[in-house]
Each structure stands twice: as C-alpha cells, then as structure tokens.
Amino acid sequence: MDNSIVLQTDLPFSVFRRGKVRDVYDLGDELLLIASDRISAFDCVMPNGIPDKGRVLTQTSLFWFRTLDAAKPNHVVGEWNDVCGRYGAKPDPSLAGRAIVGVKTQGLPIECVVRGYISGSLWKEYSTAVKAAPGKPVLLHGYELPPDLRESDRLPEPIFTPATKAEEGHDINISYAQAAEIVGEDVAAEVRARSLGLYNAAADYARTRGIIIADTKFEFGTKDGAIILIDEILTPDSSRFWPADSYEPGHGQPSYDKQFTRDYLETLDWDKTPPAPELPAEIVEKTAAKYREAYERLTGRPLS
C-alpha cells in the first residue's frame, strides 16, 4: 500500500463517528474531523484509497469557508496541525491538509440540497413524471418544472430540494414543506435562504474558473440558538462539478469526481454488495487526477 494514502486513523481521542470517508474524534466542545482517502461507490467502501482525496476535500472546503461571505458563520476552528497543541498533541505529517477542528453542534436531521441543473435523482424522478403525463408541467418537491427539460439542462432558477439523512442506503428527496415539519418553519426558512445564497455565490465564482456546479448539498447544525454551517462544502464529493467548456445538455456530463471509479465498477461482475473489489492502479490514478484538477481549477493553485 502507498504510505501516502490514509485509509484509517487511530488517535488517542474518543471516536465520535466513522463515516464512509471521515474519521471524527470527540474533543469535548469541538470535533476533530479527518478526511481519509477512502472512496465509496454504490454505498460500498473500496478496499484501496485514492491518493490526496482527503486533502482535496478538506482544502476545497477550507477555500470556500474562508472566501465566501455566505459561508459564515461556520464550524471551522482551524487546521489540526496548527491548533493541536491546545489538545496536548503534536503535529502529525500524515494529517497535514486533511484534518480540521470544528465546533461541535447539534446537526440538523436534513441535507440541504440545491440544484441549478437537472441531473441525478431529480432527473430520474422528472423522467418518470413526464412519461406518466406527457406535455404537462411536472410538480416535484413543491416546484413546477416545464415538461420539456433535457437531462443536464439548466433549471429556470436554482431550487432547494432537501433530503432526509439515511444511515444506510440513499437519502430521500423531500419538499420544503416536509423539511419544515421536521426542523420547524423558522429553521427551514433560514437554511433554505442560506443554501441558495451559498450555491449562487459559489456557482458564479466557479463559472469564472471554467466549472459548472450542477448541484450540491450543505449541512447545518445549531449551537446556542445559532445556525452554523458544518461538515464539508462544495467539494467533488458533495457536489456535481462539470467542465464548462464541454457542457452539452441532453445526456450525462463528465464530472470532477469518482465517475471513473463508478464506470469501472459497472463493467465488473459484482453485485454491488460488500466486499467491494480492489481498484486497479489506472482507475485509482485517473480518479485522483480528477479530484486534484477540481481543486486546482477552482483555487488557481496546486495542491500543496
């Protein structure tokens, strides 16, 4: 195994949660969030990782947290190796660029999804509705959409389509009204406004860097009555990034994410249940290159 790839961490702190990608440790009023190089597809974690993936996710998030006014307030305290001394630890080279300390909040039980283009699960829902009632406007999650959209078309305006959080399997798209029933009208209204503001600001900037942000998701938490932006934001894992120079609606678009991995897995005789197959070196490197390119195009600087 490449020693530069971090698949799992083992630190002398209580484990708060281990997800598909992140190892999160409890620091009391704060959390240590480490983005590993694990990669998942079809809800399965692959046995080998993607070089620099965790660093790309963390550094991309930090770029947005630091540069977008709409991303404040957020949970970031600092990068782990810069602030670890206050927790009695020493800088760890293996965690450089991939670990941050964040304020601990009570996470909201919804994903805040914004879509500027029709793709993914929304396209599937839309296609089914159009086939059931051809030529008629389509009502999805509280929005009326025209009946003649093509896959990957830009929507008339960005829409807020929250989702439930699934412990296993896929999240389920819900309407704003359903989200308000879950978190309350005031909270739902605030996170909708902030999510749309974040998406619009990021999408406008990304366009200047040759990237279309087709859709993305945000997470928020509450602390002392305030709603705080948490987790990762606007990364290749939480968003669909498309190259603007090759954008062509009517079909799926190439993207800066793990599509090489998904496409390879689709060619295998694998039933998409654990254990997942090991990825060949060529697929690993192509996937890593896409993650790095996304960061470098967005920020204008190489991943250091």
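See the structure above.
Now for a look at the structure at hand. Everything quoted here is computed from the prediction, not taken from an experiment.

### Examining the pairing of strand β3 (residues 30-35)
- Counting buried positions over the six residues of β3 gives six, a clear majority of the element.
- Here β3 shows a buried face lined by Glu30, Leu32 and Ile34 and a second buried face lined by Leu31, Leu33 and Ala35.
- One ladder, built from five bridges, connects strand β2 (residues 22-26) with β3; its direction is antiparallel. Bridge assignment links Tyr25 to a residue of β3, and that residue is Leu32.
- Counted along the chain from β2 to the antiparallel partner β3, the turn is three residues long, and its residue Gly28 has a positive phi close to 100°.
- Inspection of the sheet shows β3 paired to strand β7 (residues 99-103) by five bridges, in the antiparallel sense. Across the sheet, the residue bridging to Glu30 is Val103, located in β7.

### Remarks on the pattern of salt bridges
- Applying the stated rule across the entire model yields 21 salt bridges.
- The shortest N-O distance in the salt bridge between Asp153 and Arg150 comes to 2.9 Å.
- Of the residues examined, Asp153 reaches a relative accessible area of 10% and is grouped as buried.
- With relative accessibility at 43%, the residue Arg150 sits in the partly exposed group.
- With a shortest N-O distance of 3.9 Å, Glu293 and Lys290 are connected by a salt bridge. In this pair, Glu293 and Lys290 are both assigned in helix α7 (residues 281-299), three residues apart and thus about one turn of the helix distant.
- The class for Glu293 is partly exposed, based on a relative accessible area of 30%.

### As for the layout of surface pockets
- Approximately 180 Å³ is the volume found for the second largest pocket.
- As for the second largest pocket, its lining consists of 15 residues, and the residues nearest its centre are Tyr117, Arg154, Tyr199, Ala203 and Asp204.
- Taken together, the elements giving at least two residues each to the lining of the second largest pocket come down to β9 (110-117), β12 (154-160), α5 (185-208) and β14 (211-223).
- Of the residues belonging to the lining of the second largest pocket, the class tally is nine nonpolar, two polar and four charged.

Each value, and the rule that gives it
- Residues numbered from 1 in each chain as written.
- Predicted model: local features only at pLDDT ≥ 70, side-chain atom pairs only at ≥ 80, totals over all residues.
- Heavy atoms only, no water.
- Buried < 20%, exposed > 50% of the residue type's maximum accessible area, 1.4 Å probe, protein only.
- Helix = DSSP H or I, 4+ residues; strand = E, 2+ residues; numbered from the N terminus.
- Pairing = 2+ DSSP bridges.
- Salt bridge = Lys/Arg side-chain N within 4 Å of Asp/Glu carboxyl O.
- 1 Å grid on protein atoms, 1.4 Å probe; cavity = no way out; pocket = protein on both sides within 12 Å on 5 of 7 lines; lining within 4 Å.
- Points joined across faces, edges and corners; volume = space filled by probe spheres on them.
- Nonpolar A, V, L, I, M, F, W, Y, C, P; charged D, E, K, R; others polar.

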